[in-house]
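# Tertiary structure, described
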Amino acid sequence: SAPPSYFCCTDMNLQYLIVVFLTISCSQSLQPQILEVSSYVELRSWQSSTLYQVKTEGSSYQWDPLLLYLEGSRYDMGFAYGYLLHEEISEVYHTLLKHMIGNKWYDEVFIDLIGTVFDWQWNNYLSKELPPQYTDELRGVADGSRKAGCNECGRYVTHSIVLSNLPSDLEDVLYILIREYNKSSQYLHMLEKHRDRFKPIHCSMFAVWGSRTKDSNLFSARNLDWNQDTGITKYKLIVVMKPNDGGIPSVSFTFVCLYTTLAGMSANGITVHEANLEENEITFGGFPFVLRLRYIMEFASNTNEGRHLWESTNNTVGYNHMIASSHDAVDYASGNTNSIVAYVMETMYQYTAYFTDDDAREANA
């Protein structure tokens, strides 16, 4: 069987998205592979939502990506996510933490301590700016995974959202401890113990259009350069979401448990991306970017609307992000060279700098 056909789930478009996903997943150098989707193997389903494994021809990956098609209310989509992926959520969470922290017996206590800190951070900071539809989704994730037998999977997902907002550099973590907790010395020794596991990441992203592409079409992508051998590549995940509340359908590229968007594309031709390169003026008191990017996809139809939505919400970790629009690319190709096809946003605490193509500030940097 195959996923339901709509904006991103026709065979041709989904095959293209699989190529993009395999390109961005944990590569040390950008070496795209052109792959064919041979089949979609249905693994599990709940109501209108289904989990598939995408079989590809010629992939060098040991594990084929998963495709999760979610449709319905916000709560129902979250419930299906937790119910269908509960085993994978638990495995990814523990695998990733043990990679970062260590697998010695005494580190189990440290993992429990981190869970307590993550709960505190989520409950007091990162959850505060979530729109109600995402709160409903996460409530569904917790309920669905609990029904399937994983009582803690809801926490694992929110912990992973907190983890995704951590800076990649150890020194930058201290800015959060100082700003949010007004204390850092008692945590410094604990962090220093695990310094070798805080390895900076070097993600990148790009967008091209106009005279540089065939038929002036927009192409945008991001490359995820993260730590090797974490174990999470086993659960590369493509999430197709079709909410019934008027939100624009979207597809997100991520990993199981990391809810929900590292990069993505909406039915309206909006693409979103994230790369680190963080500033050190950062905070946890804002809209977590893995949900903020989907918020842009679900409610923006062009780059100006995307920028307005971005400006109406608050930054967290000082990463770089990009919004691009195929509709603006069409407008540009028709002769409106003032049309802004893509924005790159360089973020920090309470400030975002916006860059456009061939920006003089970057050329002169």
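Before any of the text, the structure's been laid out above.
So, here is what we can say about the structure in this document. If you're wondering where the values come from, they're calculated on a predicted model, not measured in any experiment. (Residues numbered from 1 in each chain as written. Predicted model: local features only at pLDDT ≥ 70, side-chain atom pairs only at ≥ 80, totals over all residues. Heavy atoms only, no water.)

## Quick notes on the overall build of the protein
Our working rule: A run of H or I in DSSP counts as a helix once it spans at least four residues, and a run of E counts as a strand once it spans at least two, with each numbered from the N terminus. Exposure classes here rest on a 1.4 Å probe applied to the protein chains alone. A residue is buried below 20% of its type maximum, exposed above 50%, and partly exposed in between. Throughout, a residue-residue contact means that at least one pair of heavy atoms, one from each residue, lies within 4.5 Å. Here, Shrake-Rupley sampling with a 1.4 Å probe gives the accessible areas, and only protein chains in the shown set may cover a residue.
Summing up its helical and strand segments, the protein has eleven helices and twelve strands in all. Evaluated residue by residue, the protein yields a buried proportion of 54% over its 365 residues. Pairs at least 24 residues apart make up 66% of the contacts formed inside the protein by residues separated by at least 6 positions. Total accessible area computed for the protein in this model is approximately 15900 Å², and 49% of it derives from carbon and sulfur atoms.

## A look at the packing of helix α8 (residues 289-299) against helix α9 (residues 303-311)
The following threshold applies: Note on method: axes are straight lines fitted to C-alpha atoms, helices fitted across the in-contact stretch only, with angles between N-to-C directions ranging 0 to 180 degrees. These descriptions rest on fixed angle ranges, namely under 35 degrees for roughly parallel, over 145 for roughly antiparallel, 65 to 115 for roughly perpendicular, and the rest for oblique. We call a crossing left-handed when the near helix sits turned anticlockwise from the far one by less than a right angle, and right-handed when that turn is clockwise. Residues are grouped as follows: Ala, Val, Leu, Ile, Met, Phe, Trp, Tyr, Cys and Pro are nonpolar; Asp, Glu, Lys and Arg are charged; every other residue, Gly included, is polar.
Interaxial distance between α8 and α9 falls to 9 Å at its minimum, and their mutual angle equals 140 degrees. Accordingly, the angle class assigned to the pair α8 and α9 is oblique. Judged by the sense of rotation from one axis to the other, the crossing of α8 with α9 is right-handed. Residues Arg292, Leu293, Tyr295, Ile296 and Phe299 of α8 lie in contact with α9, whose contacting residues are Glu305, Gly306, Leu309 and Trp310. Taken together, the residues of the contact of α8 with α9 break down into six nonpolar, one polar and two charged.

## Things to note about the nonpolar core
To keep things clear, this is the line we draw: Residues enter a nonpolar core if they are buried and are Ala, Val, Leu, Ile, Met, Phe, Trp, Tyr or Cys, with the set joined through side-chain atoms within 4.5 Å.
Formed by 70 residues in total, the largest nonpolar core has its most connected members in Tyr81, Leu85, Ile89, Val256 and Tyr259. Per-element tally for this core: the top contributor is helix α2 (residues 74-101), with 13 residues. Ignoring anything within four residues of it in the chain, the contact list for Ile89 reads Tyr81, Gly82, Cys153, Tyr156, Val157, Val256 and Cys257.

## Looking at the environment of Ser312
Stated precisely, the cut-off is as follows: Counting of polar contacts relies on pairs of N or O atoms within 3.5 Å, with two restrictions inside protein: one atom must be capable of donating a hydrogen and the other of accepting it, and residues adjacent in sequence are counted only when both atoms are side-chain atoms.
As for its placement among the helices and strands, Ser312 is situated in the loop between α9 and β10 (318-325). Only 2.7 Å separates the side chain of Ser312 from the backbone oxygen of Leu309, close enough to count as a polar contact.

## Points about the packing of aromatic side chains
Worth spelling out the cut-off: Within 6.5 Å between ring centres, the rings of Phe, Tyr and Trp (the latter by its six-membered ring) count as paired, and their orientation is classed by plane angle as stacked under 30 degrees, edge-to-face over 60, tilted in between.
For the structure on display, the rule yields 13 aromatic pairs. Pairing Trp46 with Tyr83 gives two aromatic rings, centres 6.5 Å apart and planes at 50 degrees, and the pair type is tilted. Taken together, the residues span a long stretch of sequence, with Trp46 in strand β1 (residues 36-46) and Tyr83 in helix α2 at a distance of 37 residues. Among the residues examined, Trp46 registers a relative accessible area of 18% and is labelled buried. Relative to Phe287, the ring of Tyr134 lies with its centre 6.4 Å away and its plane at 55 degrees, an arrangement referred to as tilted. A residue pair is termed long-range when its members are at least 10 positions apart, and Tyr134 in helix α4 (residues 132-148) and Phe287 in the loop between β9 (270-279) and α8 qualify at 153 residues. When sorted by exposure, Tyr134 lands in the same class as Phe287, which is buried.

## Re the packing of α2 against α4
Their axes nearest at 6 Å, the elements α2 and α4 cross at an angle of 35 degrees. As α2 packs across α4, the resulting crossing turns out to be right-handed. Within the contact between the two elements, α2 uses Arg74, Tyr75, Met77, Gly78, Phe79, Tyr81, Gly82, Tyr83 and His86 and α4 uses Gln133, Tyr134, Asp136, Glu137, Arg139, Gly140, Val141, Asp143, Gly144, Ser145, Lys147 and Ala148. A breakdown of the residues in the contact of α2 with α4 according to their chemical character gives eight nonpolar, seven polar and six charged.

## A few points about the environment of Lys242
In this structure, Lys242 sits in strand β6 (residues 236-243). Separated by 56 residues in the primary sequence, Lys242 and Glu298 have C-alpha atoms spaced 9.7 Å apart.

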